[in-house]
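Spelled out, the chains give:
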Amino acid sequence: MHLLSQLGLPGHRSWPALALLGWLTHSGAAPVFEEVVAPILKGHCADCHNPETRKGELDLSSPESFLRGGESGPVVKAGDPEHSHLFELVHRGEMPKKGDPLSEEQVETIREWIAEGAAFLHEPTLTEEAPDQHDVLPITLTRCTMCHGPRRQDGGLDLRTPASMRKGGESGPALVEGDADGSRMIQRIESEACPPQNLLLKFFVKRPPSSEVAILRDWIDAGAPEADIQPDVATGDPDPLVTEEDRKHWAFQPPSAEPGGKSVDEFIEAKLKENGLTFSPEADRDTLVRRAYLDLVGMPPSPEEWRKWRASPDPNWFSAMVDHLLESPHYGERWGRYWLDLAGYADSEGGVSSDPLREVAWKYRDYVIRSFNEDKPYDRFLLQQIAGDELLDSEKAEVVTDEMVENLVATGFLRMGIDQTGSRTMNFVPERLGVIGDVINVLGSGVMGLTMECVRCHTHKYDPIPQRDYYRFKAIFQGALDEHDWMSFKTRSLQIATPEQRERVAAVNPPLEKELKALEGRLRQAETDRTTTVLEQHYPDVSEAEVKKTLVALKKADNQRTREQATLVERFRVVDALPDEEQPEAVRAARRNVAELEDAIVRVRGRMEPPLAIRALWDRGEPSPTYILRRGEHDKPSRLVGPGVPAVLTDGKTSFEVEPPFPDGTPKTGRRLAYARWLTQPDHPLTARVMVNRMWHHHFGAGIVRTLENMGVQGAPPTHPELLDWLAVEFVDRGWSVKEMHRLMMNSRAYRQSSRISEDRLAADPENHLLSRMPLRRMDAEALRDSLIFVAGKLDDTPGGPPDPVSVDRDGLVSVDPTVNGGWRRSVYAQYRRTEIPTMMETFDYPEMGPNCFERTVSTVSPQSLMLMNNERVRELAASLATRVEETVVGDGEAAPDSGAKVDAVYAFALSRPPGKEERRLGVETLKALEAAWEGEPTGPLEAYCHTVLNSAAFIHID
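This is a predicted model, so every value here is computed, not measured.

**Comments concerning the overall build of the protein chain**
Phase 1 of the analysis: A tally of regular secondary structure across the protein chain gives 37 helices and eight strands.
Phase 2 of the analysis: Expected size for 959 residues packed as a compact globule is a radius of gyration near 30 Å; at 33 Å, the protein chain falls within 12% of this value.
Phase 3 of the analysis: Each principal axis of the C-alpha distribution contributes one length, and for the protein chain these read about 105 × 80 × 60 Å.
Phase 4 of the analysis: Taking all 959 residues of the protein chain together, 53% fall into the buried category.
Phase 5 of the analysis: Contacts spanning at least 24 positions in sequence make up 72% of the contacts within the protein chain whose residues lie at least 6 apart.
Phase 6 of the analysis: For the protein chain, the accessible surface area stands at approximately 42,600 Å², while carbon and sulfur atoms represent 51% of it.

Here is the structure:
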C-alpha cells in the first residue's frame, strides 16, 4: 500500500507487492489488457470467475477486479510471466477447467502481455480502503497477546480489541487516536521494549517487522477506525463459490436405497452376472473359522474352539460363531486398533528428536477399545470424540460422573497427531497451525472422506472446496485449538475423576509414589554409575572432568550439544554399544543393576491406581478471530470468517447454527458440538458411507471405494455404488451399530467364498473388483505378533492400562518387555513411541503415524522373512509351541507319541486345520530326519518344525 502511494497510484491493502509499473509505462506498441487478454478471459474463464461465481475468490470480468486478484493474491507480476499465477495455470493446462483449453496462440498472447509490462488501455480505478481493526488485530494477536491477552495481562493491559487498547492499563491508554507517535504501544514497539527481549523465546513471539509497524501507525493516525465487518459465514443467500452443479458428484448427495429386504449378495451377484461370473464355491469350515477369528479378534482360535465350530451341527453355525466373536473382549482390541490408526494414536508427541512421552494417552486407547466392545453407536462415538467437553458441564457439576470423565477422555482423539510445540524452538504460530492442520486432515480425510490438506493454501483443485471453507472449518476448533492462545504441554491435562476414583487413588498411590520416587532416584544414580563404569573400563586414562562433561552432554538433546559434547557422547556410545560378552564384568554388573531397578519400577507402577489426569481437549469460550490466510501463510491474513462446514455438503441455503451449550454454566462456544451434530445427521452425505466403506476394506481387503480417505472427484469410483449406499442407509437405520454391519458383511455369501483363483475369474476380474473370490491377505503387524504369542501359549490377556514398555538392545532392536508373569499382552497395549516402534511391528508395516494412517501399506520384503527366521523371540515362541504340542499329545494318553500326532497338534495350534495327507507325510519325515540328525537334543527337532510352520505362508496369511 505504501509503495503504491509513493508512486502516486491508487492503492488497496489487499494487493501485496502487486507490480503495476507495466501499465504506467504503457506505449502504443505494447499489447493492452482490454484488447488482447480480456477477450480470452471472457471466452474461457467467465463461467467460473465472475461477480456471482468467484472460484478461488477471483473475478476476471473487469480490469479492476482482475487487479484485485484472488485468494492467493495478484494473478500477474508485470514483466515476469514465469512467476505470474495466471500464466502458470494456463501454460500447464490446469485452467480453464471447463470447456476447451486455451490454444497455444492464446497462451502465448497472455505471456507476451505480461512480459511487456501488463499494460491497460484505461488505467483501472481502485478505491483505497482505510485500515480498520481487522488489519491490526492479526498483528497484535501474533505479537502482543501472550503478555496482554486472555491468560496474562501485564500492566493491566489487554490488546485483543480496539476498545481494550483505548482503555489501556496501568500506564494509561495504549493508543491515542490520530497520533501514532504519541501512542504508548507504538513507542514500546519501536523502542523494542515490547515484546520484551527476555520473553521472546519464552512465549515464542518475534518482533513485528517494519511493514506491520507501518500498518499499526497508519491505523492509529487514521483515528483507529473500526469497520462493521461481520465474519463470512453461510447464510440463506446463494453461495457464489459453490454451485448446485458442484454438488452433483455422487458422494456429495445423501445416500439413498430402495426400500426392501436386499442383501449384500444381491448387489454383488448382479455385477458378477453382468460379467459372466458367479460366486466362488464356499470355503471349507476350517478356512471360515480361521478367517472369522482373525478378522474379528485378530488371533486364531484355540484347538478347542476350532474343533467346536468345525463339528457344530447347527445349520447357522457360522452366524452363531460371528455373534460369539463379537462378544469377545478381544474384538474391541482388534477393531479399536483400526480406529487408533485413523486417529494417529501414539504414546509420544513426535516432531522432535526427544520425542517426549504422552503419559496418559493410553486412556484414549482404552476408551476406543471399550467403545467397540460395547457397540457404542457410531454417531455417539463421534459426538464424544469431537465435542465431549460440550456435552455435559463437568466443571460446574456438583458430582463428576463416569459419563463426564468418558466424554473428556474421548476428546483425546483431537490430541493424537504429531505435536512439536513442546519444543523450546518449535512453538511459534506456524508450528501451531501445523498441529491444527493435522486435526483438520484427520477429520476431513478420516471421517468425511474429503482431502482438505491442500485447501489450507488455496481452493481445492478438484473438489468444490474453497479456501474460505477451510478457514470456516478451522474456526470450529478455535475455542480449543487457538494458535494465539496456545496451551502448553503442562496445561493440556485435566485433573478430573469421579469421587470413587479419587478415593482409590488417595488410598493406594501415596505409599507407592514414595517407593517409586526412591527407586527412580536409585535408577538415576545407577545410570550415572553405569556410564562412569563404561568410560573408566574402556578409557583408563579418562579424567574425572571428562566423565562429568560426558554425563552433562548425555542429558542434552542432539541438536543442543556443542561440538565438544557431541564428540564426548560419540566416544561413549562406541563402547557402550558393545554386547555383554565383550564387556568387562564391572560393566555387566552395572547393566544388571540398571535392569533390576527398571523392572522394579515397572512392577510398582503396575500396582498403582491410574492417575486422575486426562489428556483432553476443551473449549475455553474465548476464541480469537479467524482470518483466511493467503497461501496458508500465518502473516498474510485476509478476510474474517466464522465457523462453518464445507458448503458442498450442505444445500447452500442453511446457515451453520451455533449455540453455547451451557448458557448459565462454563463458557463454551458450542462450535464443535454443532459440527458433531451436523456430521451425525442421518442424511449426511459422507459420514455413514465413509465408515461402512472402511469396514468393508478390512473385511474384504479393499473398500467399495478403494481410496478410503477420498470420496471426492479424484477419488476412485465405487465398484458397487448401490451396495455402498444401501450399507450406509442400513448403518443408520440399525442405530449406527458397527456390530450389525459386521453381521451383514460376514454372513454374506460373498464373504464366505473360497479364495481359490480360476483362469476364467482371473481373466474376467483380474483385480477382484467384482469380488468373484475372497482375497488372500497377509496378516498385519498386530495380528501376526498376537497370533505368534497366542499359539505359543504366552498371551497375557490383561486388558487396558498403561502401555507395556519397550527395550532397545545394543543393535537397535526394539522389543516389547514381557509382563510380570512372563508373557506378553496384545500388541495394541505396547508402548508406541514414534521413534521407538517395536522392530517386529515396524518390519511388518506398522505405520509411523505422521500424523495418522488411513490405510496401511502391505509390503513383501526380505527383512520380514529374516525377522521370522532369525529373531530370538520368534524362536522362543516356537519352543513354547513345541512344549504345548508335547503336553497335548502326552495328555492324549500316548506314552510315546508318534511324529504324526505331533504334526497334527502343530497344525491344530498354528493353522486351525488338520494337515493334508501330503503335509502329514512330509511333516513326519522331517521330524524323523531331524531326530536322527540331532541325536541327544530331544526338544530340538520339534522346535525346529514348529518354527518352520510359524514361518510358513499358511500361517502368516488369511485365506
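**Focus on unusual backbone geometry**
Glycine aside, a negative phi is what most residues show, and trans is what most peptide bonds show.
Phase 1 of the analysis: Look at the link from Met95 to Pro96: it is a cis peptide, with omega at -5°.
Phase 2 of the analysis: As for its placement among the helices and strands, Pro96 is situated in the loop between helix H5 (85–91) and helix H6 (104–115).
Phase 3 of the analysis: Here the bond from Cys194 into Pro195 is cis, since omega is -10°, no more than 30 degrees from zero.
Phase 4 of the analysis: Of note in the backbone geometry, Asp355 takes a positive phi value of approximately 45° without being a glycine.
Phase 5 of the analysis: In this structure, Leu771 takes a positive phi of about 60° despite not being glycine.

**Thoughts on the packing of helix H12 (residues 285–296) against helix H15 (residues 329–343)**
Phase 1 of the analysis: Contact pair H12 / H15: the axes reach a minimum separation of 7 Å and the direction vectors enclose 70°. Judged by the angle between their axes, H12 and H15 are roughly perpendicular. For the pair H12 and H15, contact is made by Leu294, Asp295 and Leu296 and by His330, Tyr331, Arg334 and Trp335, respectively.

**A short note on the side chain of Arg856**
Phase 1 of the analysis: For Arg856, the position within the fold is in the loop between helix H31 (839–843) and helix H32 (862–870).
Phase 2 of the analysis: A distance of 2.7 Å separates a polar atom in the side chain of Arg856 from a polar atom in the side chain of Asp341.
Phase 3 of the analysis: For Arg856, the residues in contact, after removing those within four places along its chain, are Arg337, Asp341, Asp780, Ala781, Glu782, Asp845, Tyr846 and Pro847.

**Quick look at helix H23 (residues 563–576)**
Phase 1 of the analysis: With 14 residues, H23 extends 20 Å from end C-alpha to end C-alpha; this agrees with the ideal 20 Å at 1.5 Å per step.
Phase 2 of the analysis: All buried positions along H23 are accounted for by Gln565, Leu568, Val569, Phe572, Val575 and Asp576. Taken around the axis of H23, the buried residues stretch over an arc of 135°, which confines them to a single face. Within H23, the exposed residues directed more than 90 degrees away from the buried face are Arg563 and Thr567.

**Concerning the nonpolar core**
Phase 1 of the analysis: With 129 residues, the main nonpolar core has Trp339, Tyr364, Phe413, Leu443, Tyr675, Trp696 and Leu727 as its most contacted residues.
Phase 2 of the analysis: If one sorts the elements of this core by residue count, helix H19 (residues 429–447) sits on top with nine residues.
Phase 3 of the analysis: Contacts of Leu443, omitting those with residues within four sequence positions, involve Ile386, Phe413, Leu414, Met448, Phe473, Phe477 and Tyr675.
Phase 4 of the analysis: One finds Met849, Val889, Val903 and Tyr907 within the second-largest nonpolar core, a separate group that totals 49 residues.

**A few points about the pattern of salt bridges**
Phase 1 of the analysis: According to the stated counting rule, one finds 77 salt bridges in the structure shown.
Phase 2 of the analysis: One salt bridge connects Lys461 with Glu94, and the closest N-O pair in it is separated by 3.3 Å. Note that Lys461 is positioned in the loop between H19 and helix H20 (467–476) and Glu94 in the loop between H5 and H6, a separation of 367 residues in sequence.
Phase 3 of the analysis: Of the residues examined, Lys461 reaches a relative accessible area of 37% and is grouped as partly exposed.
Phase 4 of the analysis: Since its relative accessible area comes to 27%, Glu94 is described here as partly exposed.
Phase 5 of the analysis: Here the salt bridges do not stand alone but share partners, grouping Arg54, Glu57, Asp232, Asp239, Arg468, Asp469, Arg472 and Arg639 into one network.

**Side note on the side chain of Asp804**
Phase 1 of the analysis: Along the chain, Asp804 turns up in the loop between helix H30 (781–791) and strand E6 (806–808).
Phase 2 of the analysis: Side chain to side chain, Asp804 and Arg825 meet in a polar contact 3.1 Å long.
Phase 3 of the analysis: Setting aside residues no more than four positions away along its own chain, Asp804 makes contact with Val816, Asp817, Arg825, Tyr829, Ala830 and Gln831.

**Some details on the packing of aromatic side chains**
Phase 1 of the analysis: Scanning all chains against the criterion turns up 30 aromatic pairs.
Phase 2 of the analysis: On the basis of an interplanar angle of 65° and a centroid distance of 6.4 Å, the ring pair of Phe66 and Phe120 is categorised as edge-to-face. You can see Phe66 sitting in helix H4 (residues 63–68) and its partner Phe120 sitting in the loop between H6 and helix H7 (133–143), a full 54 residues away along the chain.
Phase 3 of the analysis: Look at Phe700 and Tyr751: their rings are 5.8 Å apart centre to centre, the planes differ by 90°, and that puts the pair in the edge-to-face class. Taken together, the residues Phe700 in helix H26 (residues 687–700) and Tyr751 in the loop between helix H28 (738–746) and helix H29 (759–764) connect sequence positions 51 residues apart.
Phase 4 of the analysis: Residue classification places Phe700 among the buried positions, given a relative accessible area of 3%.
Phase 5 of the analysis: Taken together, the aromatic side chains of Trp339, Tyr364, Tyr367, Phe372, Tyr378, Phe381, Phe413, Phe731 and Trp736 make up a single cluster linked through ring pairs.
Phase 6 of the analysis: Sitting above the plane of the Tyr751 ring, Arg291 keeps its charged end 5.8 Å from the centroid.
Phase 7 of the analysis: The ring of Tyr539 is capped by Arg571, whose NZ or CZ atom sits 4.9 Å from the centre of that ring.

**Quick notes on empty space enclosed by the protein**
Taking a probe equal in size to a water molecule and rolling it over the atoms shows the remaining empty space.
Phase 1 of the analysis: Enumeration according to the criterion identifies ten cavities of 30 Å³ or more in this entry.
Phase 2 of the analysis: By volume, the largest cavity amounts to about 140 Å³.
Phase 3 of the analysis: Around the largest cavity, the lining is made up of 17 residues, and of these Leu414, Arg415, Met416, Gly417 and Val439 lie nearest the centre.
Phase 4 of the analysis: Top element by residues in the lining of the largest cavity is H19. It accounts for five residues.

**Details of helix H13 (residues 303–310)**
Phase 1 of the analysis: Considered for burial, the residues of H13 that qualify are Pro303, Trp306 and Trp309. With its buried residues spanning 135° around the axis, H13 presents them on a single face.

**Some details on the packing of H19 against H20**
Phase 1 of the analysis: Across the interface, H19 lies against H20 with an axial gap of 11 Å and an inter-helix angle of 100°. By the angle class used here, H19 and H20 are roughly perpendicular. Contacts from Leu433, Ile436, Gly437, Ile440 and Leu443 of H19 reach H20 at Tyr470, Phe473 and Lys474.
Phase 2 of the analysis: For the contact of H19 with H20, the residue count by class is six nonpolar, one polar and one charged.

**Remarks on the environment of Ser423**
Phase 1 of the analysis: The topology assignment puts Ser423 in the loop between helix H18 (402–410) and H19.
Phase 2 of the analysis: In this structure Ser423 comes out as buried when scored by relative accessible area, which is 15%.
Phase 3 of the analysis: C-alpha separation for the pair Ser423 and Ser353, spaced 70 residues apart in sequence, amounts to 9.6 Å.
Phase 4 of the analysis: Among all residues touching Ser423, those that are not within four sequence positions of it are Phe204 and Val352.
Phase 5 of the analysis: Engagement of the side chain of Ser423 in a polar contact is seen with the backbone nitrogen of Thr425, the distance being 3.1 Å.

**Considerations on the confidence of the model for the protein chain**
Phase 1 of the analysis: When pLDDT is averaged along the protein chain, the result is 92, and 96% of the positions lie at 70 or above.
Phase 2 of the analysis: Between residues 1–28, whose pLDDT stays under 50, and residues either more than four places distant or in other chains, the model counts 55 contacts.

**Focus: the environment of Phe120**
Phase 1 of the analysis: On the basis of relative accessible area, Phe120 is assigned to the buried category, the value being 3%.
Phase 2 of the analysis: In sequence terms Phe120 and Gly444 are 324 residues apart; their C-alpha atoms lie 43 Å from each other.

**Quick look at the environment of Ile229**
Phase 1 of the analysis: Positionally, Ile229 belongs in the loop between helix H10 (210–221) and helix H11 (264–274).
Phase 2 of the analysis: Ile229 sits 48 residues away from Asp181 along the chain, and the two C-alpha atoms are 28 Å apart.
Phase 3 of the analysis: Non-local contacts of Ile229, meaning those with residues more than four positions away in its chain, are made with Asp132, His134 and Leu640.

The rules behind each value
- Residues numbered from 1 in each chain as written.
- Predicted model: local features only at pLDDT ≥ 70, side-chain atom pairs only at ≥ 80, totals over all residues.
- Heavy atoms only, no water.
- Helix = DSSP H or I, 4+ residues; strand = E, 2+ residues; numbered from the N terminus.
- Rg over C-alpha atoms; globule rule 2.2 N^0.38 Å.
- Buried < 20%, exposed > 50% of the residue type's maximum accessible area, 1.4 Å probe, protein only.
- Contact = heavy atoms within 4.5 Å.
- Areas by Shrake-Rupley, 256 points an atom, 1.4 Å probe, with all protein chains shown as cover.
- Axes fitted to C-alpha atoms, helices over the stretch in contact; angles between N-to-C directions.
- Parallel < 35°, antiparallel > 145°, perpendicular 65-115°, else oblique.
- Polar contact = N/O pair within 3.5 Å; in protein donor to acceptor, adjacent residues only side chain to side chain.
- Expected span 1.5 Å × (residues − 1).
- Arc of directions from axis to C-beta.
- Core = buried A, V, L, I, M, F, W, Y, C linked by side-chain atoms within 4.5 Å.
- Salt bridge = Lys/Arg side-chain N within 4 Å of Asp/Glu carboxyl O.
- Phe/Tyr/Trp six-rings, centres within 6.5 Å; stacked < 30°, edge-to-face > 60°.
- Lys NZ or Arg CZ within 6 Å of the ring centre and 35° of its normal.
- 1 Å grid on protein atoms, 1.4 Å probe; cavity = no way out; pocket = protein on both sides within 12 Å on 5 of 7 lines; lining within 4 Å.
- Points joined across faces, edges and corners; volume = space filled by probe spheres on them.
- Nonpolar A, V, L, I, M, F, W, Y, C, P; charged D, E, K, R; others polar.
- pLDDT = per-residue confidence, 0-100.

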